[in-house]
Amino acid sequence: MSRLKENFGNRNEVLCIVSDRHQSIERAINLVFKETAFHGVCTFHFKQNIKARFKKAGAGELFESAAKAYRKEDFDYFMTKLGELSPKIREYVLEEDPRTYNAQTSNIAESMNFALKKARELHIVSMLELLREKLQTWFVERTKAANEIIHDLTPWANEKLQKILQKAFQMKVETLTLSRFNITENQREFIVDLENRTCTCHRFEHEELPCAHTIATIDKRKLPKYLFFGRWYLNSEYKETYKCVIHPVGNEDDWDIPEEIREIILKHPNYKVRKGRRQKERYRPSSENYVAKRKCGSCKQVGHTRKVCIKTPIANVGSKRKSFEDA
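Below, the structure is looked at part by part. (Residues numbered from 1 in each chain as written. Predicted model: local features only at pLDDT ≥ 70, side-chain atom pairs only at ≥ 80, totals over all residues. Heavy atoms only, no water.)

1. Quick look at the sheet that holds strand β5 (residues 188-193)
The strands making up a sheet are joined through hydrogen bonds of the backbone, oriented either antiparallel or parallel. To be explicit about the condition: In this scheme, strands are said to pair when DSSP sees at least two bridges between them. Comment: elements are numbered from the N terminus, with helices defined as DSSP H or I runs of at least four residues and strands as E runs of at least two.
What the four strands build is an open sheet, ordered β3-β4-β5-β6; its pairing is antiparallel. Looking at which strands have only one partner, the edges of the open sheet turn out to be β3 (172-175) and β6 (198-199). In this sheet, β6 lies alongside β5 in antiparallel orientation, the contact comprising two bridges. Its bridge partner lying in β6, D193 is registered against T198.

Structure (structure tokens):
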């Protein structure tokens, strides 16, 4: 955490760190960052923990609905339902500040970790070069994809827009002022303020992503819908993100190394290598109730091993079976 803070530097914005519910991570964040970082719990891992620990049907889904709620009334409703299902689960969820569940998932870090799984076994220079090559490949692919887009939104944002258009067209829109509108959906009313970019459902201001009520309002005003999306969802920002070039290290003879760096003598780390295989997978907490899947080395199917594989010839499986056939 100290290294992370050193590289992040002092900024006016608050750093959001998303992880699972390990207490050691939370203690380290509070110790190093104090008030300059916010610790969010990954809702996906927490949902899996609830399923594994309590084994109550529907508990994980109720927690997920509560975590994704934008209004306090909706959050209280799902937490009440969760309490009716199991008071212990409700107490377990409320051990954390409910605000920690607004950071939805750490899957982006998990995906990156999986992509670099084999690279971690390489020499440090080779690992960095493989990492650079992979990142540059991703940058080029995304730049090509962005240049082929003909609309103003990213593919993800445009897909979200298409999903809520049909729902928005079924709503009743009443004009209050030039910027404020009353939206009726299933006998419930919502107020949309286009000037301040707010909606009483609270999704518009929290995600900078227009909700169905906002889309209905924009459509009534005949305004371009992309103007009300946050800049993070615009194709222009998408192109800007991936336009940089990560140059290769190049030949060692061409390196321009400062003299003060040349004088540094690096020693081997004072670390004793443990016996056995190195840890490749992350340490899973006992609450996840993870069961490793067995894979047959002969037929490559999951669920059994080579010794009990019915597709493997008996003469090739184990010395005991082979000696029995010879007898």
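2. Here we look at the packing of helix α4 (residues 59-67) against helix α5 (residues 72-85)
To describe two helices that pack against each other, one gives the angle between their axes and the distance between the axes. Cut-off, in case you're wondering: Interaxial angles span 0 to 180 degrees and are taken between N-to-C directions of axes, which are lines fitted to C-alpha atoms, for helices over the stretch in contact. Oblique is the label for any angle not under 35 degrees, not over 145, and not in the 65 to 115 range, which are roughly parallel, roughly antiparallel and roughly perpendicular in turn. Should the near helix be turned counterclockwise from the far one by less than a right angle, the crossing is left-handed, whereas a clockwise turn marks it as right-handed. In what follows, a contact means two residues having at least one pair of non-hydrogen atoms within 4.5 Å. As a working rule, the residues Ala, Val, Leu, Ile, Met, Phe, Trp, Tyr, Cys and Pro are called nonpolar, Asp, Glu, Lys and Arg charged, and the rest polar, with Gly in that last group.
Where α4 contacts α5, the axes come no closer than 8 Å and their chain directions differ by 160°. Relative to α5, the element α4 lies roughly antiparallel. Along this stretch, α4 crosses α5, giving a crossing that reads as left-handed. Contact residues: A59, L62, S65 and A66 in α4; F75, F78, M79, K81, L82 and L85 in α5. Along the lines of polarity and charge, the residues of the contact of α4 with α5 split into eight nonpolar, one polar and one charged.

3. Section: unusual backbone geometry
Quick note on the threshold: Residue exposure (1.4 Å probe, protein chains only): buried if accessible area is under 20% of the type maximum, exposed if over 50%, otherwise partly exposed.
The phi torsion at N186 lies on the positive side, around 50°, for a residue other than glycine. Tracing the chain through its elements places N186 in the loop between β4 (180-185) and β5. Overall, the relative accessible area of 69% leaves N186 in the exposed class. Positive phi, normally seen in glycine, also occurs at R197, with a value near 55°. Checked against the element boundaries, R197 lands in the loop between β5 and β6. R197 gets classed as partly exposed once you look at its relative accessible area, which sits at 35%.

4. A closer look at the pairing of β4
Relative to β4, β3 is paired through four bridges, and the arrangement is antiparallel. The residue of β4 that forms the bridge with E174 is N182. Here β3 folds back onto β4 in antiparallel fashion, the turn holding four residues. Two elements, β4 and β5, share six bridges in a ladder whose sense is antiparallel. If you follow R180 over to β5, its bridge partner there is D193.

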